[in-house]
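These are the residues of each chain, in order.
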Amino acid sequence: MRINAFSDVSLRALMFLATLPDGELQTSRVIAEAVATPYSHVSKAVMRLRELGLVESLRGRTGGVRISPVGRTATVGWLLRQLDTRDDVADCETPHGDCPLSGGCGLRGGLRRAREAFYAELDDLVIAALPHIGFPAPVVLALAPPPPRRADRG
């Protein structure tokens, strides 16, 4: 199973917000930069996360977005179910209409059960607990070699 790009951006934005101290606000532009995603995608994701009650937003010059108490307890499985807009995992349609086998096909039901099993496996993962210490430090800095040591001159 794969998650779509919108779900990926939404998860990353929420994980970033979870790394901030309680109550700290960030703009969508800062979030976009932190998760390396275009601003337009992040702003749409933030709007949906707000609709779901996972983030709170304040308008104005000193406004921004912060994770809500509900957002701190939301699980990956729950969020992916909310963001999944497709009825079927497979596209059972052709340019000429529905697949002629769709009435007696067992694939659709099996794929629905597989998708639910995928989400159920993620129901124990609390999104706010996923970021590790140091997130969102750039990967390049985390992988950089240590600076050379200076020889003691005594």
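Residues numbered from 1 in each chain as written. Predicted model: local features only at pLDDT ≥ 70, side-chain atom pairs only at ≥ 80, totals over all residues. Heavy atoms only, no water.

**Looking at the packing of helix α1 (residues 5-18) against helix α5 (residues 76-83)**
Between two packed helices, both the angle of their axes relative to each other and the distance between the axes serve to describe the pair. Packing of α1 against α5 brings their axes to within 10 Å, and their N-to-C directions diverge by 140 degrees. The orientation of α1 with respect to α5, classified from their angle, is oblique. Our pair here, α1 against α5, has a crossing hand that is right-handed. Of α5, the residues touching α1 (which contributes Phe-6, Ser-7, Ser-10, Leu-11 and Leu-14) are Val-76, Leu-79, Leu-80 and Leu-83. Among the residues making up the contact of α1 with α5, the classes are represented as 7 nonpolar, 2 polar and no charged. (Axes fitted to C-alpha atoms, helices over the stretch in contact; angles between N-to-C directions. Helix = DSSP H or I, 4+ residues; strand = E, 2+ residues; numbered from the N terminus. Parallel < 35°, antiparallel > 145°, perpendicular 65-115°, else oblique. Left-handed = near helix turned anticlockwise from the far one by under 90°. Contact = heavy atoms within 4.5 Å. Nonpolar A, V, L, I, M, F, W, Y, C, P; charged D, E, K, R; others polar.)

**So, the pairing of strand β2 (residues 64-67)**
Sheet analysis places strand β1 (residues 55-58) next to β2, joined by 4 bridges and oriented antiparallel. By the bridge assignment for β2, Glu-56 is matched with Arg-66. From the end of β1 to the start of β2, which pair antiparallel, there are 5 residues, and Gly-60 there has a positive phi angle of about 105 degrees. (Pairing = 2+ DSSP bridges.)

**Examining the environment of Ala-74**
Its place among the elements puts Ala-74 in the loop between α4 (69-73) and α5. The buried category is assigned to Ala-74, whose relative accessible area is 7%. Residues within four places of Ala-74 in sequence aside, it is in contact with Leu-54, Leu-125, Val-126 and Ile-127. (Buried < 20%, exposed > 50% of the residue type's maximum accessible area, 1.4 Å probe, protein only.)

**Regarding the packing of aromatic side chains**
Using the criterion set out here, one finds 1 aromatic pair in the structure. Between Phe-118 and Tyr-119, the ring centres sit 5.7 Å apart and the planes meet at 50 degrees, which makes this aromatic pair tilted. The exposure class assigned to Phe-118 is partly exposed, which follows from its relative accessible area of 24%. A cation over an aromatic ring shows up here: Arg-29 above the ring of Tyr-39, its NZ or CZ 3.9 Å from the ring centre. (Phe/Tyr/Trp six-rings, centres within 6.5 Å; stacked < 30°, edge-to-face > 60°. Lys NZ or Arg CZ within 6 Å of the ring centre and 35° of its normal.)

**Topic: the pattern of salt bridges**
A full pass over the atoms with the stated rule returns 7 salt bridges. For Glu-116, the salt bridge is made with Arg-81, and the minimal N-O distance between the two is 2.6 Å. Within this pair, whereas Glu-116 is found in helix α6 (residues 107-121), its partner Arg-81 is found in helix α5, the two being separated by 35 residues in sequence. On the basis of relative accessibility, which here comes to 37%, the residue Glu-116 falls in the partly exposed class. Of the charged contacts in the structure, one is a salt bridge between Arg-81 and Asp-123, with a shortest N-O distance of 2.7 Å. Within this pair, whereas Arg-81 is found in helix α5, its partner Asp-123 is found in the loop between α6 and α7 (139-143), the two being separated by 42 residues in sequence. Using a relative accessible area of 26% as the deciding quantity, one classes Arg-81 as partly exposed. We classify Asp-123 as partly exposed; its relative accessible area is 28%. Linked through salt bridges whose partners overlap, the residues forming this network are Arg-81, Glu-116 and Asp-123. (Salt bridge = Lys/Arg side-chain N within 4 Å of Asp/Glu carboxyl O.)

**Describing the confidence of the model for the protein chain**
Confidence in the prediction of the protein chain, expressed as mean pLDDT, is 83, and 79% of residues score 70 or more. Across the protein chain, element-level confidence peaks in helix α3 (residues 39-51) with a mean pLDDT of 96 and bottoms out in α7 with 41. Here residues 137-145 scores under 50 on pLDDT; set against residues more than four positions off or in separate chains, the count is 0 contacts. (pLDDT = per-residue confidence, 0-100.)

**Comments concerning unusual backbone geometry**
Even without a glycine there, the phi angle at Ala-36 is positive, about 55 degrees. Summarising the element assignment, Ala-36 is placed in the loop between α2 (28-34) and α3.

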